[in-house]
Amino acid sequence: MVYFEDGGNKEDTINAEQGKYIFPGVEKPVRDSKKLGLIDLKTAFAESSNIAICKLIYDNYNSNPQIFLDGLHQLRLGETSNIDLFGESYPTLYKNASDLEPGSLVSLAYGYEMGFSPIQILTFYNSIANNGIRVSPTLVTHYRYKNQTIPLNKNVDFVNPICSQKTIHQVKDLLRSVITQGTADVLSDFPISVSGKTGTTKVNYSQPIDSLMWYQASFAGFFPSEKPKYSFYVLI
């Protein structure tokens, strides 16, 4: 989305290097589950190509990583969901490029060196479903005081969408392609259209023995795709 906001397009092509690539400043190679070559961004997203996405971000922002970090914060990823509960922690997200290590930009490109709670991820996807308008999750709609019902208004920001509508249209197409032609094609036979993104995270990625790796699997999205009514986040 940061790349789209800076003029990128879903038809732009990247070489996925047949499933294995070593970036400058990164000790271990970035790998894909499939051996892909020259592909467009839409295919890279649908097939969850770590290499393609990392190359896209590295090639465009390595000379000035601050632009990429600022773009992430403009998407409001650095904010809490502002749910109506006490105790929500702020996300972990770099603000200053001076804090980055040599391989940090590559790690950030596919979700490492940052941290969000499930409700914060859900709020972000809900903003996409809602055409860029961010809505804070609400558990309480009203309360009663001395036999009176007092409503509580949802915290909705109708003034400042998180990005342009052009970016929203492109990313919605990408999220739908994950189901129609990508890693979540098992959902393509559902009686209702779903849009979303699969995710796999190595929890203890410093572990030197691959067989001892721990993983988290996730899926975030919304449905129906054409006119979203529900957004969801599943973490296993």
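This text follows the structure it describes.
We now turn to the structure provided with this report. Worth saying up front: this structure is predicted, and the values here are computed from it rather than measured.

Digging into unusual backbone geometry
Most peptide bonds take the trans configuration, and most residues that are not glycine carry a negative phi.
Move 1: The residue after phenylalanine 223, namely proline 224, is reached through a cis peptide bond having omega -10°.
Move 2: Residue glutamine 18 is not a glycine yet carries a positive backbone phi of 60°.
Move 3: Along the chain, the position of glutamine 18 falls in the loop between strand S1 (13–15) and strand S2 (20–21).
Move 4: Backbone geometry at asparagine 131 places phi at a positive 55°, although glycine is not the residue there.
Move 5: Along the chain, the position of asparagine 131 falls in the loop between helix H6 (118–129) and strand S5 (134–135).

Some words on a positive patch on the surface
Move 1: On the surface, Lys20, Lys28, Arg31 and Lys202 cluster together into a patch of positive charge.
Move 2: Within the element layout of this structure, arginine 31 appears in strand S3 (residues 30–31).

What about the sheet that holds strand S9 (residues 195–202)?
Move 1: The sheet built from three strands is open, its strands ordered S9-S10-S11 with antiparallel pairing. On the outer flanks of this sheet lie S9 and strand S11 (230–235), each paired with one strand and no other. Averaged over all adjacent pairs, the angle separating strand axes in this sheet is 10°, with direction ignored.
Move 2: As defined by bridge partners, strand S10 (residues 215–223) adjoins S11 across six bridges and the pair is classed as antiparallel. Bridge assignment links phenylalanine 219 to a residue of S11, and that residue is valine 234.
Move 3: Each of S9, S10 and S11 touches H6; the most contacted strand, S11, lies at about 145° to it.
Move 4: Of the strands in this sheet, S9 and S10 touch helix H7 (residues 165–181), which is tilted by about 75° from S9.

Quick look at helix H4 (residues 65–74)
Move 1: Those residues of H4 lying buried are Pro65, Phe68, Leu69, Gly71 and Leu72. An end-on view of H4 places all buried positions within 155° of arc, on one side of the element.
Move 2: Looking at the buried positions of H4, the neighbouring elements they touch are helix H1 (2–5), helix H3 (50–61) and helix H5 (104–109).
Move 3: Phi turns positive, to about 70°, at arginine 76, one or two residues after H4.

What to know about the packing of aromatic side chains
Move 1: Evaluation of the coordinates by the stated rule reveals nine aromatic pairs.
Move 2: Judged by centre distance (6.4 Å) and plane angle (45°), the ring pair of tyrosine 3 and phenylalanine 4 falls under tilted. Across this residue pair, the class does not change: tyrosine 3 and phenylalanine 4 are buried.
Move 3: Between phenylalanine 23 and tyrosine 58, the ring centres sit 5.8 Å apart and the planes meet at 65°, which makes this aromatic pair edge-to-face. On the criterion of sequence distance, the pair formed by phenylalanine 23 in the loop between S2 and S3 and tyrosine 58 in helix H3 is long-range, its members being 35 residues apart.

Some remarks on the nonpolar core
Nonpolar side chains in soluble globular proteins tend to end up buried together.
Move 1: The biggest cluster of nonpolar side chains holds 50 residues, and the ones touching the most others in it are Leu41, Tyr61, Phe68, Leu72, Phe124, Ile128 and Phe219.
Move 2: Sorting the residues of this core by element identifies H1, helix H2 (41–46), H3, H4, H5, H6, H7 and S10 as the ones contributing at least two each.
Move 3: The element contributing the most residues to this core is H3, with eight residues.
Move 4: For phenylalanine 68, the residues in contact, after removing those within four places along its chain, are Val2, Ile57, Tyr61, Leu105 and Leu108.

Things to note about the pattern of salt bridges
As a working rule, side chains carrying opposite charge can pair if their charged atoms are close by.
Move 1: As enumerated under the stated definition, the model contains six salt bridges in all.
Move 2: Lysine 42 is the partner of aspartate 173 in a salt bridge, and the nearest nitrogen-oxygen pair spans 3.1 Å. Pair noted here: aspartate 173 is in helix H7 and lysine 42 is in helix H2, with a separation of 131 residues, a long-range link.
Move 3: For aspartate 173, a relative accessible area of 21% corresponds to the partly exposed category.
Move 4: When its relative accessible area of 22% is taken as the criterion, lysine 42 is described as partly exposed.
Move 5: For the salt bridge of glutamate 79 with arginine 134, the shortest nitrogen-to-oxygen distance reads 3.9 Å. Linking glutamate 79 in the loop between H4 and H5 with arginine 134 in strand S5, this pair joins segments that are 55 residues apart in sequence.
Move 6: The class for glutamate 79 is partly exposed, based on a relative accessible area of 32%.
Move 7: Take arginine 134: its relative accessible area is 8%, and that puts it in the buried class.
Move 8: Salt bridges sharing partners connect three or more residues here, namely Lys10, Lys42 and Asp173.

Parameters and conventions
- Residues numbered from 1 in each chain as written.
- Predicted model: local features only at pLDDT ≥ 70, side-chain atom pairs only at ≥ 80, totals over all residues.
- Heavy atoms only, no water.
- Helix = DSSP H or I, 4+ residues; strand = E, 2+ residues; numbered from the N terminus.
- Patch = residues over 30% accessible without salt bridge, like charges linked within 9 Å, V, L, I, M, F, W, Y side chains within 5 Å.
- Areas by Shrake-Rupley, 256 points an atom, 1.4 Å probe, with all protein chains shown as cover.
- Salt bridge = Lys/Arg side-chain N within 4 Å of Asp/Glu carboxyl O.
- Lys, Arg positive; Asp, Glu negative; His and termini not counted.
- Charge placed at Lys NZ, Arg CZ, Asp CG, Glu CD.
- Pairing = 2+ DSSP bridges.
- Axes fitted to C-alpha atoms, helices over the stretch in contact; angles between N-to-C directions.
- Contact = heavy atoms within 4.5 Å.
- Buried < 20%, exposed > 50% of the residue type's maximum accessible area, 1.4 Å probe, protein only.
- Arc of directions from axis to C-beta.
- Phe/Tyr/Trp six-rings, centres within 6.5 Å; stacked < 30°, edge-to-face > 60°.
- Core = buried A, V, L, I, M, F, W, Y, C linked by side-chain atoms within 4.5 Å.

In short, the description is geometric, and any link to function would need to be established separately.
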